[in-house]
Amino acid sequence: MAGRETLEELVRLQGERVRGLKQQKASTEQIEEEVAKLLKLKAQLGPDEGKHKFVLKTPKGTRDYSPRQMAVREKVFDVIIGCFKRHGAEVIDTPVFELKETLTGKYGEDSKLIYDLKDQGGELLSLRYDLTVPFARYLAMNKLTNIKRYHIAKVYRRDNPAMTRGRYREFYQCDFDIAGQFDPMIPDAECLKIMCEILSSLQIGDFLVKVNDRRILDGLFAICGVPDTKFRTICSSVDKLDKMSWEEVKNEMVGEKGLAPEVADRIGDYVQQHGGVSLVEQLLQDPKLSQNKQALEGLGDLKLLFEYLTLFGVADKISFDLSLARGLDYYTGVIYEAVLLQPPAQAGEEPLGVGSVAAGGRYDGLVGMFDPKGRKVPCVGLSIGVERIFSIVEQRLEALEEKVRTTETQVLVASAQKKLLEERLKLVSELWDAGIKAELLYKKNPKLLNQLQYCEEAGIPLVAIIGEQELKDGVVKLRSVTSREEVSAGREAAGPGPCTIRAGPGPGPGPFKTG
């Protein structure tokens, strides 16, 4: 019994610690760690008088979204979808889980982050890791050789979440891809143009799009002396240069991946360079790199890409960065990643990249992996990192204390006197039937002041007020919530169909028509 009392006391103290951390607004990781300890102690305590106790929480790396947060998300999605449609994309959808073999071997070192599902029907399944591999499977399965599509859906990664930075285990991806055999760099340039359009429209701050080419990287590794078998793993190390110093990356290459130190140094001479089209031209003259066929092809395409980006008016947002590697195995050509820039701390310093918000590239071999005859369908695409964008937009709105409307109601049907519920119900129904977004309070006899206050709180712009006099005159009194101006509007019902409300003469917000 004494042992149980001790455990109960430990549970109580740990519970207080968790509550204290929440009040102090400690980091999510710290709170989750202490909650895990609390659950462990409770498990040791065992069942208490037949009651099952559990902690109400979302699974690690996931979150709920309030109406306010969803309103922000919908606005962001509207901007993204609007851009995709403006560029002529069709929309598709695929299952949230795939056959495990569909996803296996497509993500390099990141394959360990795939969620495998328990076999419950004779098939080994996994939750989708991204939207690109399912898209390639879709193309091969339907024998499609030409499509421009977008796909917005949730993906899943068994990652170590950092929720304060918009990194989750369940999150949305917004993908745009162009599949088909086209002249070089035209679709690639459009993808970069789309990326710039979306990030500019969302007004989340200055950004830079880093561009490189997998063929340049492979050629660079070859001339530096990297064995063929180590290309992908060294590529993965180079990709960490945006988060780690060159010395740390070099130590990983040499210490963990067995690369010769002099080979790593030769790689370092190249991958620490970045610039514009002038750097492309400089490398085309490089005595070693220009002798490598793959690198030469990649540099030639990048030169052409910069020409098209200049015509699209976005070349000033693009930087050729040799450290960009994109760890995923399926990329075959041009790769790119957009980062938000932090203003320089000192005058003359370069702005700092504070996180990736979009990425993509060319993957010409992925569809062929699924096609029984190995037929290739060239593809290029991009993915917008919406979770990071949502975090930034939310923080900005909180800092500005900006009010966000969570409904789209256009008018509240109100009454100025008692015993008019039936009339309010009739009018609101007519408005709904006419396609107007309308509401009423769920009370028989609400006070007019309460109805007006509800409009102010919910951001509803208009109130349609009916009283005994209005019913007698066959009108509705329309009131603007912000200006408080009123106007009487004629109410005509044409049989069972929608009504038309027309504003009469006098001051007010103007005509309000339905139907």
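The rules behind these values
- Residues numbered from 1 in each chain as written.
- Predicted model: local features only at pLDDT ≥ 70, side-chain atom pairs only at ≥ 80, totals over all residues.
- Heavy atoms only, no water.
- UniProt positions renumbered as here; feature names shortened; annotations may be inferred.
- Axes fitted to C-alpha atoms, helices over the stretch in contact; angles between N-to-C directions.
- Helix = DSSP H or I, 4+ residues; strand = E, 2+ residues; numbered from the N terminus.
- Parallel < 35°, antiparallel > 145°, perpendicular 65-115°, else oblique.
- Left-handed = near helix turned anticlockwise from the far one by under 90°.
- Contact = heavy atoms within 4.5 Å.
- Buried < 20%, exposed > 50% of the residue type's maximum accessible area, 1.4 Å probe, protein only.
- Polar contact = N/O pair within 3.5 Å; in protein donor to acceptor, adjacent residues only side chain to side chain.
- Phe/Tyr/Trp six-rings, centres within 6.5 Å; stacked < 30°, edge-to-face > 60°.
- Salt bridge = Lys/Arg side-chain N within 4 Å of Asp/Glu carboxyl O.
- Core = buried A, V, L, I, M, F, W, Y, C linked by side-chain atoms within 4.5 Å.
- Nonpolar A, V, L, I, M, F, W, Y, C, P; charged D, E, K, R; others polar.
- Pairing = 2+ DSSP bridges.
- Disulfide = S-S within 2.5 Å.

Going by an unreviewed UniProt entry, the protein carries the name Histidine--tRNA ligase, cytoplasmic and comes from Sus scrofa. Under the heading Subunit (unreviewed entry), UniProt records this for the protein: "Homodimer." Quoted verbatim from the Subcellular location (unreviewed entry) field of the UniProt record, the comment on the protein reads "Cytoplasm".

Viewed as axis vectors pointing N to C, helix H11 (residues 277-284) and helix H12 (residues 293-311) meet at an angle of 155 degrees, and their least axial separation amounts to 10 Å. Comparing their axes, H12 and H11 come out roughly antiparallel. Helix-helix and strand crossings are classified by hand; for H11 and H12 the assignment is left-handed. Within the contact between the two elements, H11 uses Val277, Val280, Glu281, Leu283 and Leu284 and H12 uses Leu296, Leu299, Gly300, Leu302, Lys303 and Phe306.

Attention shifts here to the UniProt feature "binding site: L-histidine" (unreviewed entry) in the protein. Summarizing the sequence annotation, UniProt attributes the feature "binding site: L-histidine" (unreviewed entry) to Asp130, Leu131, Thr132, Arg157, Gln173, Asp177, Arg326, Tyr330 and Tyr331 in the numbering used throughout. Position of arginine 157 among the secondary structure elements: in the loop between strand S4 (147-156) and strand S5 (170-179). When its relative accessible area of 17% is taken as the criterion, arginine 157 is described as buried. Once you skip the residues sitting within four places of it in the chain, arginine 157 turns out to touch Leu113, Tyr115, Tyr129, Asp130, Arg169, Phe171 and Gln173.

Before going further, it helps to examine the side chain of glutamine 69. Note on placement: glutamine 69 falls in helix H3 (residues 67-86). Among the residues examined, glutamine 69 registers a relative accessible area of 18% and is labelled buried. At a separation of 2.8 Å, a polar atom in the side chain of glutamine 69 contacts the main-chain amide nitrogen of serine 66. The residues touching glutamine 69, leaving out its near neighbours within four places in the chain, are Arg63, Asp64 and Glu394.

Okay, the packing of aromatic side chains next. On inspection of all chains with the given rule, the structure shows seven aromatic pairs. Pairing phenylalanine 77 with tyrosine 172 gives two aromatic rings, centres 5.2 Å apart and planes at 70 degrees, and the pair type is edge-to-face. Note that phenylalanine 77 is positioned in helix H3 and tyrosine 172 in strand S5, a separation of 95 residues in sequence. Judged by its relative accessible area of 25%, tyrosine 172 is partly exposed. With centroids separated by 5.6 Å and ring planes inclined at 40 degrees, the aromatic side chains of phenylalanine 84 and tyrosine 150 adopt a geometry described as tilted. Separated by 66 residues along the polypeptide, phenylalanine 84 in helix H3 and tyrosine 150 in strand S4 bring together distant segments of the chain. Tyrosine 150 sits in the buried class, given a relative accessible area of 7%.

A few words on the environment of leucine 448. For leucine 448, the location among the structural elements is in helix H16 (residues 448-458). Expressed as a C-alpha distance, the spacing of leucine 448 and serine 415, which sit 33 residues apart in the sequence, is 6.6 Å. Beyond its immediate sequence surroundings of up to four residues, leucine 448 is in contact with Ala414, Ser415, Ala416 and Ile465.

What the rule picks out here adds up to 27 salt bridges. Across the pair arginine 73 and glutamate 387 runs a salt bridge whose closest N-O atoms are separated by 3.3 Å. With arginine 73 in helix H3 and glutamate 387 in helix H14 (residues 386-400), this pair connects stretches of sequence that are 314 residues apart. Both residues of the pair, arginine 73 and glutamate 387, belong to the buried class. Aspartate 265 is the partner of lysine 250 in a salt bridge, and the nearest nitrogen-oxygen pair spans 2.8 Å. Taken together, the residues lysine 250 in helix H9 (residues 246-256) and aspartate 265 in helix H10 (residues 261-271) connect sequence positions 15 residues apart. Classification of lysine 250 by relative accessible area gives buried; the value is 16%. Salt bridges sharing partners connect three or more residues here, namely Asp213, Arg215, Glu297 and Asp301.

Looking now at the nonpolar core. In a soluble, globular protein the nonpolar side chains are often hidden away together inside. Within the largest apolar cluster, 99 residues are counted, with the highest numbers of intra-cluster contacts made by Phe84, Val209, Phe221, Ile267, Phe320, Tyr336 and Ile384. For this core, the leading source of residues is helix H6 (residues 186-202), giving nine residues. Each residue touching valine 209, except ones within four places of it in the same chain, is listed here: Leu192, Met195, Cys196, Lys317, Ile318, Ser319, Tyr336, Glu337 and Ala338. With 15 residues, the next largest nonpolar core counts Leu427, Leu431, Val476 and Leu478 among its residues.

We now examine the packing of H9 against H10. Direction vectors running N to C along H9 and H10 enclose 145 degrees, while the axes themselves pass 10 Å from each other. You can see that H9 and H10 cross each other, and the crossing is right-handed. Seen from H9, the contacting residues are Trp246, Lys250, Met253 and Val254; seen from H10, they are Pro261, Ala264, Asp265, Ile267, Gly268 and Val271. Of the residues belonging to the contact of H9 with H10, the class tally is seven nonpolar, one polar and two charged.

Below, the discussion takes up the pairing of strand S14 (residues 462-466). Counting buried positions along S14 yields five of five residues, so the element is predominantly enclosed. Because side chains alternate across S14, one face comprises the buried residues Leu462, Ala464 and Ile466, and the other comprises Val463 and Ile465, equally buried. Of the strand pairs in this sheet, strand S12 (residues 411-415) and S14 are connected by five bridges, and their pairing is parallel. Bridged to valine 411 within S14 is leucine 462.

Quick look at the state of the cysteines now. In a disulfide, the sulfur atoms of two cysteines are covalently bonded to one another. Scanning the entire structure with this criterion turns up zero disulfides. Of all cysteine sulfurs in the structure, the one in cysteine 83 sits closest to cysteine 174, which takes part in no disulfide; the separation is 11 Å. Just so you know, cysteine 224 is unpaired, no disulfide at all, and the nearest cysteine sulfur is the one on cysteine 235, 13 Å from it.

A word on the environment of asparagine 160. Looking at where asparagine 160 falls in the secondary structure, it is placed in the loop between S4 and S5. Separated by 12 residues in the primary sequence, asparagine 160 and tyrosine 172 place their C-alpha atoms 17 Å from one another. Once you skip the residues sitting within four places of it in the chain, asparagine 160 turns out to touch Lys60 and Arg167.

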